[in-house]
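The lines below spell out each chain.
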Amino acid sequence: MKVWVLTGDKMETAAATCYACKLFRRTTQLLELTTKKIEEQSLHDVLFELSKTVLRHSESLPRDNFSGFSADFQDYGLIIDGAALSLIMKPREDGSSTNYREVFLDICRNCSAVLCCRMAPLQKAQIVKLIKTCREHPITLAIGDGANDVSMILEAHVGIGIIGKEGRQAARNSDYAIPKFKHLKKMLLVHGHFYYVRIAELVQYFF
């Protein structure tokens, strides 16, 4: 299970939040793909430099694309901002629009966590769609508490809205609504398991 943070906050605030919730650990090596980096080097150079850094260590270790990494794997965390993402998603002049996206996805696959900051609401949905359509076709789940998360919630396979100070827009557009973020654990690991069992037994009746 991979956790991505998609937020409109500035990089420093978002990174501090990731450290606070232990998504990033002290041993995590942070990789930056931001406009500041792209100004110093071209997007092509930055992407392939990050790709070499991440893949150099991972190729020598046994790794499962779906479930995670071996115990000796270097913990990487990627930080990307909205402006850099728009450059990656923009079709290239030579017509090959997927090259940068594939390199970006390869980097993300080898990172334990990804932080996307300074994101517009539509960019959040773009990220979810990009993950949905990649070659592994993972099941995506989006969690949000405000109107700016609605497009992301609608795009994901499962959308969860949190009812709170931000209003009820996210909850109204979600598949499931919860009053507090802490209830997510019970919802996924307890009620989700029971629901799976019920569906598995109910299917027998159709046969």
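Just above, that's the structure.
Let us look at the structure shown here. If you're wondering where the values come from, they're calculated on a predicted model, not measured in any experiment.

Cut-off values and rules
- Positions within a chain are numbered from 1, following the residues in the order the chain's sequence is written.
- Thresholds applied to this predicted model are a pLDDT of at least 70 for local features of residues and 80 or more for the giving and counting of side-chain atom pairs; totals over whole chains, interfaces and linings are not thresholded and use all residues.
- The basis for every side-chain value is the complete set of heavy atoms in the structure, and neither hydrogens nor water enter the calculation.
- For two strands to pair, DSSP has to find at least two bridges joining them.
- Helix numbering and strand numbering both begin at the N terminus, where a helix is a DSSP run of H or I of at least 4 residues and a strand a DSSP run of E of at least 2.
- In this analysis, axes come from line fits to C-alpha atoms, helices being fitted only over the stretch in contact, and the angle between any two N-to-C directions falls in the range 0 to 180 degrees.
- We call two residues in contact when some of their heavy atoms are within 4.5 Å.
- The rule for a salt bridge is simple: a side-chain nitrogen of Lys or Arg has to be within 4 Å of a carboxyl oxygen of Asp or Glu.
- Here the term buried applies to any residue with accessible area under 20% of the maximum for its type, exposed to any over 50%, and partly exposed to those in between, with areas from a 1.4 Å probe on protein chains only.

**What about the sheet that holds strand S5 (residues 141-144)?**
Pairing is parallel in the open sheet, where three strands are placed in the order S5-S6-S7. Here the strands that pair on one side only, and so sit at the sheet edges, are S5 and strand S7 (176-178). Sheet twist, expressed as the mean angle between neighbouring strand axes with direction ignored, is 20°. Of the pairings in the sheet, the one linking strand S6 (residues 158-162) to S7 comprises three bridges and is parallel in character. Bridge pairing in S7 places Gly161 opposite Ala177. Sitting on the sheet, helix H9 (residues 183-206) is in contact with S5, S6 and S7, with an inclination near 140° to S7.

**Section: the pattern of salt bridges**
According to the stated counting rule, one finds six salt bridges in the structure shown. Between Lys132 and Glu155 there is a salt bridge; the shortest N-O distance is 3.4 Å. Taken together, the residues span a long stretch of sequence, with Lys132 in helix H6 (residues 121-132) and Glu155 in helix H7 (residues 150-155) at a distance of 23 residues. Look at Lys132 and you get partly exposed, because its relative accessible area is 22%. Here Glu136 makes a salt bridge to Arg135, at a shortest N to O gap of 4.0 Å. Classification of Glu136 by relative accessible area gives buried; the value is 16%. Residue class for Arg135 comes out exposed when judged on its relative accessible area of 60%. If you follow the salt bridges from partner to partner, you end up with Asp106, Arg109, Arg135 and Glu136 in one network.

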